[in-house]
Amino acid sequence: MSTIKRTYCRICEAHCGLTVEVDELTQRVGAVRPDRDHPLSKGYCCVKGLGAGAMHEDEARLNYPMKRVGSGFERIGWDQALQEIGAKVRKLRAEFGPRSVGLYTGNPTYFSFQNILMSAGFIEALHSPNLFASHSVDNNNKLHVSTAMYGRSMVHPVPDLDHTRFFMCMGSNPVVSQMSMVQLPNALERLKAIEARGGRVVIVDPRRTETAQRVGQHISIQPQTDVYLLMAMLHVIAHEDGIDLAPAKAIAHGVDELVASASAWTPERVAPVTGIAASTIRELAHAYRDADGAALYMSTGVNMGPFGSIAYWLLQGLNLITGNIDRRGGLLVPRGPFDTLRLAGWIGLGGFNEHRTLRGDWHQVAGCFPVAALPGEIDNDDPRRIRALFVSAGNPVHSMPNGAALAKAFEKLSLLVSIDIYRNETSAYADYLLPATDMLERSDYPASHAMLQVTPHVQYTPAMVEPKYERRYEWRIFSDLAVACGAKPWGKIGNLLPRINRLLARLPGDLELTPDHLLALLMRWGGEVTLEELKREPAGLMLPPNEPGSFFGKRVPTKDGKVQLALPDVIADLPRLDAEEERLGPRSGRLVLIGQRDRRSHNSWMHNSPHIRQPEGNHALIHPDDARALSITDGDEVEVGSDQASVRLRARLSDEMRRGVVAVPHGWGHQNAPVKRAASLPGANINDVIPGGPSQVEPVSGMAIMMGHEVRVSRIEAHQAVAPTLDSAPRGN
Ligand SMILES: Nc1nc2c(c(=O)[nH]1)N[C@H]1C(S)=C(S)[C@@H](COP(=O)(O)OP(=O)(O)OC[C@H]3O[C@@H](n4cnc5c(=O)[nH]c(N)nc54)[C@H](O)[C@@H]3O)O[C@H]1N2
Ligand SMILES: Nc1nc2c(c(=O)[nH]1)N[C@H]1C(S)=C(S)[C@@H](COP(=O)(O)OP(=O)(O)OC[C@H]3O[C@@H](n4cnc5c(=O)[nH]c(N)nc54)[C@H](O)[C@@H]3O)O[C@H]1N2
Ligand code: SF4
Ligand SMILES: [Mo]
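By convention here, each chain's residues receive numbers from 1 onward along its written sequence. To label them, take the chains in the order written and letter them from A, then take the ligands in the order written and number them from 1. Owing to the predicted nature of the model, reporting of local features is limited to residues with pLDDT of at least 70; listing and counting of side-chain atom pairs is limited to 80 or more, with chain, interface and lining totals taken over all residues. Derived side-chain values reflect all non-hydrogen atoms in the structure, with water molecules and hydrogen atoms excluded from consideration.

## A closer look at the overall build of the chain
Scanning the chain from terminus to terminus reveals 27 helices and 26 strands. As a reference, a globule follows 2.2 Å times the number of residues to the power 0.38, and the radius of gyration itself is taken over C-alpha atoms. Relative to its length of 733 residues, the chain is compact, with a C-alpha radius of gyration of 25 Å against a globular reference of 27 Å. Overall, the C-alpha framework of the chain stretches about 75 × 70 × 60 Å when taken along its three principal axes. Summary of the burial criterion: residues with accessible area below 20% of their type's maximum are buried, those above 50% are exposed, and those between are partly exposed, where the area comes from a 1.4 Å probe applied to protein chains only. Counting every position in the chain, which comprises 733 residues, the buried fraction comes to 62%. Each accessible area is a Shrake-Rupley estimate made with a 1.4 Å probe; only the visible protein chains count as cover when residues are assessed. Accessible surface, the chain: about 26,700 Å² in total, of which carbon and sulfur atoms supply 51%. Each helix is a run of H or I in the DSSP string that is no shorter than four residues. Each strand is a run of E no shorter than two, and both are numbered from the N terminus.

## As for the pairing of strand β3 (residues 28-34)
Strand pairing is assigned whenever DSSP detects at least two bridges linking the two strands. As defined by bridge partners, strand β2 (residues 17-23) adjoins β3 across five bridges and the pair is classed as antiparallel. Within β3, the residue paired with Leu18 across the bridge is Pro34. Adjacent in sequence and paired antiparallel, β2 and β3 are bridged by four residues, among which Gln27 carries a positive phi angle near 65°.

## Observations regarding the pattern of salt bridges
For this analysis, a salt bridge means a side-chain nitrogen from Lys or Arg found within 4 Å of a carboxyl oxygen belonging to Asp or Glu. Inspection of every chain in the model, using the stated rule, returns 46 salt bridges. Close ionic contact of Arg289 with Asp241 constitutes a salt bridge, the shortest N to O distance being 2.4 Å. Residue Arg289 is located in helix α13 (residues 278-290), and its partner Asp241 is located in the loop between α9 (226-240) and α10 (246-251); the two are separated by 48 residues in the primary sequence. The exposure class of Arg289 is partly exposed, given its relative accessible area of 30%. On the accessibility criterion, Asp241 (31% relative accessible area) is partly exposed. Put simply, Glu580 and Arg583 hold a salt bridge, and the shortest N to O gap is 2.7 Å. With a gap of three residues between them, Glu580 and Arg583 both fall in helix α25 (residues 575-584), about one helical turn apart.

## What to know about the sheet that holds strand β24 (residues 646-653)
Strand order in the closed barrel formed by six strands is β21-β25-β22-β24-β23-β26, with mixed pairing between adjacent strands. Shown here is a sheet whose adjacent strand axes are inclined to one another by a mean of 45°, direction ignored. Orientation is described by lines fitted to C-alpha atoms, with helices fitted over the stretch in contact, and by angles between N-to-C directions that extend from 0 to 180 degrees.

## A closer look at the side chain of Lys468
Of note, Lys468 is situated in the loop between β18 (457-458) and α20 (474-484). Non-local contacts of Lys468, meaning those with residues more than four positions away in its chain, are made with Arg28, His56, Glu57 and Glu441. In this analysis, two residues are considered to be in contact whenever any of their non-hydrogen atoms come within 4.5 Å of each other.

## Considerations on the domain arrangement of the chain
Each domain's extent is set by a domain assignment, obtained either automatically or from a database. Once the domains are mapped, the chain shows domain 1 (2-57), domain 2 (66-139 + 342-449 + 473-486), domain 3 (160-335 + 552-572) and domain 4 (587-718). Averaged C-alpha coordinates put domain 2 and domain 4 at centres separated by 28 Å. Interface of domain 2 and domain 4: buried area, both sides summed, is about 2,000 Å²; carbon and sulfur atoms make up 60% of it. Along the contact surface separating domain 2 from domain 4 lie zero salt bridges. As used in this structure description, the phrase polar contact means that two N or O atoms lie within 3.5 Å; if the pair is within protein, one of them must be able to donate a hydrogen and the other to accept it, and residues adjacent in sequence are counted only when both atoms belong to side chains. On inspection of domain 2 and its partner domain 4, the count reaches twelve residue pairs in polar contact (both at pLDDT 80 or more). Accessible-area loss on putting two parts together, using a 1.4 Å probe and summing over both, is the definition of buried area adopted here.

## Quick notes on the site of ligand 1
To be near a molecule or strand, a residue needs just one of its heavy atoms within 4 Å of it. Around ligand 1, a shell composed of 31 residues is seen, among which Tyr104, Asn107, Ser399, Asp420 and Ser604 lie nearest. A distance of 3.2 Å is found between a nitrogen atom of ligand 1 and a backbone nitrogen or oxygen belonging to Ile419. Contact distances for ligand 1 include 3.2 Å between a nitrogen atom and a side-chain N or O atom of Arg597. Out of a free accessible area of 910 Å², ligand 1 has 97% covered by protein chains. Elements with a minimum of two residues in the shell around ligand 1: α18 (396-399) and β16 (415-420). Under the grouping applied here, Gly and all other residues not named as nonpolar or charged are polar, the nonpolar ones being Ala, Val, Leu, Ile, Met, Phe, Trp, Tyr, Cys and Pro and the charged ones Asp, Glu, Lys and Arg. When grouped by side-chain class, the residues that make up the shell around ligand 1 number 14 nonpolar, twelve polar and five charged. Looking at which domains feed residues into the shell around ligand 1, each of domain 2 (66-139 + 342-449 + 473-486) and domain 4 (587-718) gives three or more.

## Focus: the site of ligand 3
All residues in the neighbourhood of ligand 3 are listed as Cys9, Ile11, Cys12, Ala14, His15, Cys16, Cys45, Cys46, Lys48, Gly49 and Gln178. Partitioned by chemical class, the residues of the shell around ligand 3 number seven nonpolar, three polar and one charged.

## Describing the nonpolar core
Residues Phe166, Phe167, Met168 and Trp313 are the most contacted members of the largest nonpolar core, which totals 92 residues. With eleven residues, α9 is the largest single contributor of residues to this core. With residues up to four places along the chain from it excluded, the contact list for Trp313 reads Val145, Glu257, Leu258, Ser261, Leu565, Leu567, Val570, Ile571 and Leu574. Buried Ala, Val, Leu, Ile, Met, Phe, Trp, Tyr and Cys residues that are joined via side-chain atoms within 4.5 Å together make up what is termed a nonpolar core. Counting residues in hydrophobic clusters, the runner-up holds 62 residues, among them Tyr44, Ile85, Tyr432 and Trp475.

## Side note on the pairing of β16
Here β16 lies mainly inside the structure; six of its six residues are buried. Neither face of β16 is open: one carries Leu415, Val417 and Ile419, the other Leu416, Ser418 and Asp420, and all of them are buried. Where strand β15 (residues 388-392) and β16 come together, five bridges link them in parallel fashion. Bridging from a neighbouring strand, Phe390 pairs with Val417 of β16. Pairing between β16 and strand β17 (residues 432-435): four bridges, direction parallel. Paired with Ile419 across the strands is Leu434, a residue of β17.

## Notes on the environment of His355
Topologically, His355 is positioned in the loop between α16 (340-347) and α17 (374-378). Overall, the relative accessible area of 37% leaves His355 in the partly exposed class. Sequence separation between His355 and Gly367 is twelve residues, and the spatial gap between their C-alpha atoms is 8.6 Å. Sequence-distant contacts of His355, that is, excluding residues within four places in its chain, are made with Pro129, Trp362, His363, Gln364 and Phe369.

## Comments concerning the side chain of Thr109
You can see Thr109 is positioned in the loop between β6 (101-105) and α4 (113-125). Residues in contact with Thr109, not counting those within four places in the same chain, are Asn115, Ile116, Ser119, Ser392 and Ala393.

## Considering the state of the cysteines
Note: disulfide means a covalent bond formed between the sulfur atoms of two cysteine side chains. The rule for a disulfide is simple: a pair of cysteine sulfur atoms within 2.5 Å. Applying the stated criterion across every chain yields a total of zero disulfides. The thiol sulfur of Cys169 is not disulfide-bonded, and the nearest other cysteine sulfur, from Cys12, lies at 15 Å. For Cys169, a relative accessible area of 0% gives the class buried.

## What to know about the sheet that holds strand β5 (residues 72-75)
With mixed pairing, the seven strands of this open sheet are ordered in space as β5-β4-β17-β16-β15-β6-β7. In this open sheet, the two strands that pair with only one neighbour each are β5 and β7 (131-133). Strand-to-strand twist across the sheet, computed as the mean angle between neighbouring axes with direction ignored, equals 20°. The strands that helix α3 (residues 78-96) touches are β4 (66-69), β6, β15, β16 and β17; relative to β17, the one it contacts most, it runs at about 130°. Helix-sheet contacts for α4 involve β6, β7 and β15, and the interaxial angle to β6 is about 160°.

## A look at α3
Here α3 spans 26 Å end to end across 19 residues, near enough to the 27 Å set by a 1.5 Å rise per residue. On the buried face of α3, the contacting elements are β4, β6, β15, β16, β17 and α20. Downstream of α3 by one or two residues, Gly97 has phi in the positive range, about 90°. Here the expected length of a helix is defined as 1.5 Å per residue gap, with one fewer gap than residues.

Rendered as structure tokens:
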């Protein structure tokens, strides 16, 4: 008998409500549909979320623990896997110390309460600082600047989209991506509503994106130069017009330092580098300053450039000195169902710490080292180097620039363990594969997004079905691993759970402490709603709206409660703007590479999904005039190359591209992937071309630079082989 259950999607920030048809007897999942009665998403969802059922049932999933035997993998039992991994880690730690163990946590980590709770706890319980996270390839600049400005990495004022009169969106394509570091479903409708109210939406992007085609005014910008645009806006507002800085000085230190940084950056000066006319910049600055509630927002298109930290500092600074933070229609700082900031203060989350890498002297951002430093931390001569690496919910060999260097470094490891729902390009190098549950198999709460909600709402989902085969909850995997690897008692929560459970196991009955128990405690402490109440409301409950005036002077988690704008490392980086100004502007005869996201694709992993048809793979999108100059026509096969490597792709021509820029979606090119379906798809991995390593990061935060590299694009002669299309390649598994 089938029942319809309600849950929410945990693939991207939107967290759309879904309904799931479940046969209670067989535990088979049938249709997954949008939840029309969900108070936020109201029936909105995308094809990725609808594929959750097919992904759950997919026979190509990783269903059992596996061990490398020769060049293949052999199924083993959980006990054997834990025992063997534990023995190896104990030996390495005894011989080489705690730093010999490392953990990389990928993007899906942040969509699983139990994973965030337990994965960082696991590595901490082993007393190793070697945690690496995918946020150093998407948002490290933001996390770093927020830690320095506001005292905690989780403070990111979110645009009050439902009241704003001016919204400028830089380097984001909400229609496809649903944005990052801000949580709301169906962003397009909210942006359209701004215009319907008579407000203004500005989309700054080198491509006339799907978003720019549907809403607002598109401003085409030369890649990597948003920082100059922001400088000029600050120049106009603070130097030309002379805004009253007294209100800003009452809430922030370093206002003068911020303002001084823009003294030389007139609109006339930045026009050539940005490709935006001085008059346009001045008009934008005035419209932003004069709007009755305005918000500047930036995302990965800017984060992934060379000036992510300076840009976010300027963006926050502009929002602050114009009085737009903590005000209606500007940007607000959500609280969540419990006080995350107070909790973070107690347990030491999201602040600065002393940890450094062995080589390169990288500091941590939000508790993690940059992924760009990972190959060097494995492959070096220091006896304390990383020798055992756990990779959880990630595919760095494919998703980070120059993954080949990481794969090469893996040769130096004594142990590589992947915890994933599929096999991927990274786990192809592993010694052990541990199968995790998918989102329909686990209970959840959107912990990472509580402070990023445009409309505060809280939801909890129970597991829809039992875990299939031998897939295991991530909290249990990390908990068992901590014990097996000999973690010493009484670290933070991640270690507490396994310790308490070991004590409980000695008592009669089936007592066990789970992440849900901790969640229940947190909810009770928060005082807004209990977990029991949430369990009765499967589509969640609305929380009080984000409150203007609730942040400054009340909740700013710095030592003296004031914002800090004089950030020494950011200010020390400013001379790079002068040094790079000449190089970055538009120039004929070269093409710079940017990224592009696809509705049917999610970084590197949706390509295993049997539900989504992706017959075309990725492409190189170029402007018709650039194509003509290179004798390229639509559909030609082209080579896109850098000094590091080149790949072959189909050319697509469109005047939505800015001239001199080529866009290539990432995550594709799985010809060597262990899952046949992904391997059968055409396309190429653009991260082979994008230069990686410690020299290719934004120096302040260690954020990987992935946008704006110069590439060669040339046509491949017709007689040369073309990549297979789905129709000519083997299907499925
Ligand atoms: N060139 C270029 N490269 C980029 C980007 C770009 O714009 N351009 N974008 C970057 C960005 S923003 C990101 S976030 C990174 C992402 O890079 P990563 O975080 O390393 O990961 P993904 O490639 O998304 O792979 C995620 C893995 O998690 C697995 N998985 C999915 N759900 C679960 C789960 O519930 N539990 C477990 N244990 N595993 C699960 C999937 O099977 C997959 O193997 O890629 C970056 N790479
Ligand atoms: N369908 C789908 N949705 C996703 C993902 C996915 O892979 N597929 N990934 C998820 C993840 S992990 C993340 S982090 C978020 C990211 O969400 P977004 O940050 O919105 O990412 P994108 O959609 O890649 O949009 C980045 C935009 O920046 C533009 N851009 C490139 N260079 C520059 C520049 O120098 N300046 C400016 N102003 N713009 C520039 C690109 O043209 C592109 O339109 O998306 C999430 N949602
Ligand atoms: S937009 Fe798609 S992937 Fe993102 S949460 Fe909604 S259904 Fe899931
Ligand atoms: Mo991301």
